[in-house]
Amino acid sequence: MALNVKPLSDRVLIEPVAAETQTASGIIIPDTAKEKPQKGIVVAVGNGKKDHDMTVKVGDTVLYGKYAGTELKFEGKDYLIMREEEIFAII
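For every chain, the first residue of the written sequence is number 1, and numbering continues from 1 onward in sequence order. Local features are withheld for residues below a pLDDT of 70 in this predicted model, meaning they are given only at 70 or higher, and side-chain atom pairs are given and counted only at 80 or more; totals for whole chains, interfaces and linings count all residues. Remark: hydrogens and water are excluded; side-chain values derive from all non-hydrogen atoms of the structure.

As annotated in an unreviewed UniProt entry, the protein chain carries the name Co-chaperonin GroES and comes from Flavobacterium cyanobacteriorum. The Subunit (unreviewed entry) comment attached to the protein chain in UniProt states, word for word, "Heptamer of 7 subunits arranged in a ring. Interacts with the chaperonin GroEL." UniProt positions are given in the numbering used here, feature names are shortened, and annotations may be inferred rather than shown by experiment. As its UniProt record puts it under Subcellular location (unreviewed entry), the protein chain is described as follows: "Cytoplasm".

Caption draft 1: Examining the environment of Gly48 more closely. Helix and strand labels come from DSSP, where a helix needs a run of H or I of at least four residues and a strand needs a run of E of at least two; each type is numbered from the N terminus. Looking at where Gly48 falls in the secondary structure, it is placed in the loop between β2 (39-45) and β3 (61-64). In the structure, Gly48 is positioned 32 residues away from Pro16 in sequence and 22 Å away in space, judged by C-alpha atoms. Discounting residues that sit within four places of it in the chain, Gly48 has contacts with Ser9, Asp10 and Met54. Between two residues, a contact is recorded if the distance between any of their heavy atoms is within 4.5 Å.

Caption draft 2: Local environment of the side chain of Asp60. Tracing the sequence through the fold places Asp60 in the loop between β2 and β3. When accessible area is computed with a 1.4 Å probe and restricted to protein chains, residues below 20% of their type maximum are described as buried, those above 50% as exposed, and intermediate ones as partly exposed. Charged-residue counts in this description rest on Lys and Arg as positive and Asp and Glu as negative, His and the chain ends being excluded. When a carboxyl oxygen of Asp or Glu lies within 4 Å of a side-chain nitrogen of Lys or Arg, that pair is called a salt bridge. Among buried charged residues, Asp60 stands out as having no salt bridge; its nearest opposite-charge side chain is Lys57, 4.3 Å away. Nitrogen and oxygen atoms within 3.5 Å of one another constitute a polar contact, given that in protein one can donate a hydrogen and the other can accept it, and given that sequence-neighbouring residues count only through two side-chain atoms. A distance of 2.8 Å separates a polar side-chain atom of Asp60 from the backbone nitrogen of Lys57. Sequence-distant contacts of Asp60, that is, excluding residues within four places in its chain, are made with Gly40, Ile41, Val42 and Ile90.

Caption draft 3: Region of interest: unusual backbone geometry. We note that Ser9 has phi near 55°; this positive angle belongs to a residue other than glycine. Judged by relative accessible area, Ser9 falls into the partly exposed class, the value being 31%. If you check the backbone angles, Glu75 has positive phi at about 50° while not being a glycine. Judged by relative accessible area, Glu75 falls into the exposed class, the value being 56%.

Caption draft 4: Quick peek at the environment of Arg11. Tracing the backbone shows Arg11 in strand β1 (residues 11-16). A relative accessible area of 29% places Arg11 in the partly exposed class. Along the primary structure Arg11 and Val45 are separated by 34 residues, whereas in three dimensions their C-alpha atoms are 6.4 Å apart. Residues contacting Arg11, with those up to four places away along its chain left out, are Val45, Gly46, Met54, Ile81, Met82 and Arg83.

In structure tokens form, the structure reads like this:
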């Protein structure tokens, strides 16, 4: 599904991946104890700055900081918009 959102400059729109609901050993994590996800899928990418091309592409799975970006809700879904420099890695 294509979004009507086009980030400006070096910003990236990310859809966070849902947080884990169960540990590897089988313990179910309650909603109050879940951590904010630090992994997401790139949904839209800006054009970059004048002397810097964008490294990430739409569809990349990325890791970012726990408090990186700005949360926004669009068409009932949660997204994060952040600068490319706040992304740690493409996985």
